[in-house]
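Okay, here's what each chain looks like letter by letter:
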Amino acid sequence: MSTEATRETPPATTPAPAPAAGPTARTTARGPKRPGSATRTGLAATVLLTPFFALFTVAMVIPVGYALWLSLFTEKASGLGFDGPRTVFHGLGNYTEALGDPAFRDGFQVLLGYCAFYIPLMVGGALILSLLLDTALARARRFFQLALFLPHAIPGLIAALIWIYLYTPGLSPVINAMDAGGFGFDFLSTDGILPSVVNIALWEWLGYNVVIFYASLQAVDRSLLEAATVDGAGQWRLAFSIKIPLIRSSLALVLLFTVIGSLQLFTEPLILSRSGASVPSTWTPNMYAYSAAFQRNDYGLAAAASVLIALAAAALSFGVTRFSNRKEARAA
Amino acid sequence: MTSPLVTRRPGGSRWLSRSAVNGVLVLAAAYTLFPLIWLVTAATKDAGNLLGGDVFSFQGFDLARNLSDLTTYQDGIYFRWYGNSLLYAGVGALGCSLVSVAAGYAFDKYRFRGKEKLFAVVLLGVLLPSTALSLPLYLLAVETHTVNTYWSVLIPVLVNPFGVYLSRIFSAGYVPDEALEAARIDGASELRAFWSIGLRMIMPGFVTVFLFQFTAVWNNFFLPLVMLSDKNLYPLSLGLYNWHSNANATPDFYPMVVTGSLLAVTPLIIAFVTLQRHWKAGLTAGSVK
């Protein structure tokens, strides 16, 4: 990720042909410059970077450090219970407790099932829609982009609220129509909850990813496509042999953010659980951490669970970037 | 004689595939728009018709009553939440974009020791899931007695490592080194050059980061949920959640939740419709490496 991301490239929407501008931008940025004097620019860089890194330290580094520290302690009721609980060093005890708790492990299992549904539907769906938008046959492209994107403007909480109404039998025109059509489905049952949450997340993020894919498809060199068409390539061939390989980096980024987003699953199931749907309070790892902190008041356990979630995110994103970098290297 | 036949056949299949392509797009748009249309019609209904009636008719039209309920309930606490949301999202996004743009510009335009290592740290921050961070932030806020204050929600949203990443890309794309060179020759100090030239040229990046952060904060739920217990400090999302929890017992809350949701999403939808160019630019800048 770091070597890829640090390459300076102008945004693709600038009128200049983006792929060609890559190397040029790089030379101007790294090439010979005449900085006033080293100390002068050093001072300016310090002044400009300080606010960000100060806040970064306060809002990210210290909390992570504090969570690591807290995760090593636990509260013990003292002997007879007269003088309240004491905080005692627990080593990795909170971690073994979390990892040993079937509820926490089930949470990851749920996430796995969620990803197995959500990621192919999301990435595949967004890719297909953007490829359709990119064909010469599509009409009203701006309208479709906006229409698909709009749910992204809806807060996750409100999206969940809207869909709860649309999932409720008797209230929802969708459910009524489905029942009338003979294929009723209980979205709020134990079995229905996973598809219900996948649908809400899909609704919220589909258009966002379509716009990302469509924008990078627009940056694909048109003469390349014309040449392939002259050689007799059809739309399918164009899509699979030229377009998709060329937007690989966008695919990797979307995949990365989708994976990180999946790990954060919290708001939608929480709302569903408060609305009579059959969602246990520790359904996802985040919900487990939340209930450890606020229902059991076990901050050590909550901190350990948060650290484990962050570690899982780091491991997964490392995996995704490694995978996509390797594919890229092979293709190059 | 044969030529019309030859041209007609591809024409016919072209018509077919054109309807297939646009048909799929129409279906997808119906999927994304349908719940929004439902929200608009449902917001006009009274509790009885919302829960029992046909949603896609104007039966039980009572928008005015729903709006006045919103205004009067607990002395219009809804609009206090609205103001809080504007404060968290507006001030948070403004501060965040300034801080991000300054840092991104510095990463792009200056050379200093350990630069790429420092940037790698920023990228690590991008990968940290924000909900995994919210709980540690809460525990820290408890320790520092800042929990349940405006600051507990405002300070964390001033930081967005992805904004720095975007700003660096925008700075490389929009601020030519020659312009800064000229300012230096004219005797401007480095900070002066940033303020009056760099910042102006990087404005598209600034607006993009602002839009992203504004949406993120407006939509944020987990952080306010853990930080705030005073109803007067709630943002919209938390307030609506609160009402929704009451609605199970008191159905009168349903129209307030739905109408309140409609009012809450309206400014963002307007912003996205009018600022299409900017968010598209931002999404692309993030995805093209």
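Within an unreviewed UniProt entry, the label attached to chain B reads Carbohydrate ABC transporter permease, and the organism entered is Streptomyces liangshanensis. In UniProt, chain B has this text filed under Subcellular location (unreviewed entry): "Cell membrane".

With an unreviewed UniProt entry as reference, chain A is termed Sugar ABC transporter permease, source organism Streptomyces liangshanensis. UniProt, in its Subcellular location (unreviewed entry) section for chain A, records the words "Cell membrane". Recorded under Sequence similarities (unreviewed entry), the UniProt text for chain A is reproduced unchanged: "Belongs to the binding-protein-dependent transport system permease family."

Caption draft 1: Representation of the pattern of salt bridges in the model. Under the definition given, this model contains seven salt bridges over all chains. Note that arginine 222 of chain A and aspartate 134 of chain A form a salt bridge whose closest N and O atoms lie 3.4 Å from each other. You can see arginine 222 of chain A sitting in helix α10 (residues 222-230) and its partner aspartate 134 of chain A sitting in helix α5 (residues 102-134), a full 88 residues away along the chain. In this structure, aspartate 108 of chain B engages lysine 109 of chain B in a salt bridge whose closest nitrogen and oxygen atoms are separated by 2.7 Å. Look at lysine 109 of chain B and you get buried, because its relative accessible area is 5%. One network of salt bridges, in which partners are shared, links Asp134, Arg222 and Lys243 of chain A.

Caption draft 2: Summary view of the nonpolar core. Formed by 200 residues in total, the largest nonpolar core has its most connected members in Leu272 of chain A together with Trp243 of chain B. Mapping this core onto the domain boundaries places at least three of its residues in each of domain 1 (1-31) and domain 2 (75-281) of chain B.

Caption draft 3: Region of interest: the UniProt feature "domain: ABC transmembrane type-1" (unreviewed entry) in chain B. Within this numbering scheme, the UniProt entry marks residues 82-274 of chain B as carrying the feature "domain: ABC transmembrane type-1" (unreviewed entry). Taken as a whole, residues 82-274 of chain B contains 79% helix and 0% strand, while its terminal C-alpha atoms sit 21 Å from one another.

Caption draft 4: Representation of the interface of chain B and chain A. Taken together, the contacts link 112 residues of chain B with 107 residues of chain A. When chain B packs against chain A, the two sides together hide about 10,200 Å² of surface, and 75% of this comes from carbon and sulfur. Scanning the region where chain B abuts chain A turns up zero salt bridges. Taken together, the links from chain B to chain A amount to nine residue pairs in polar contact (both at pLDDT 80 or more). The element contributing the most residues to the side of chain B that touches chain A is helix α1 (residues 3-42) of chain B, with 18 residues. Within the side of chain B that touches chain A, the residues separate by chemical class into 80 nonpolar, 18 polar and 14 charged.

Caption draft 5: Main features of unusual backbone geometry. All names here are of chain A. Here the phi dihedral of asparagine 297 falls at roughly 55°; this positive angle occurs in a residue that is not glycine. Among the structural elements, asparagine 297 can be located in the loop between α14 (285-294) and α15 (299-331). For asparagine 297, a relative accessible area of 52% puts it in the exposed group.

Cut-offs and rules
- Residues numbered from 1 in each chain as written.
- Chains lettered and ligands numbered in written order.
- Predicted model: local features only at pLDDT ≥ 70, side-chain atom pairs only at ≥ 80, totals over all residues.
- Heavy atoms only, no water.
- UniProt positions renumbered as here; feature names shortened; annotations may be inferred.
- Salt bridge = Lys/Arg side-chain N within 4 Å of Asp/Glu carboxyl O.
- Helix = DSSP H or I, 4+ residues; strand = E, 2+ residues; numbered from the N terminus.
- Buried < 20%, exposed > 50% of the residue type's maximum accessible area, 1.4 Å probe, protein only.
- Core = buried A, V, L, I, M, F, W, Y, C linked by side-chain atoms within 4.5 Å.
- Domains from an automatic or database assignment.
- Contact = heavy atoms within 4.5 Å.
- Buried area = accessible area lost by both parts, 1.4 Å probe.
- Polar contact = N/O pair within 3.5 Å; in protein donor to acceptor, adjacent residues only side chain to side chain.
- Nonpolar A, V, L, I, M, F, W, Y, C, P; charged D, E, K, R; others polar.

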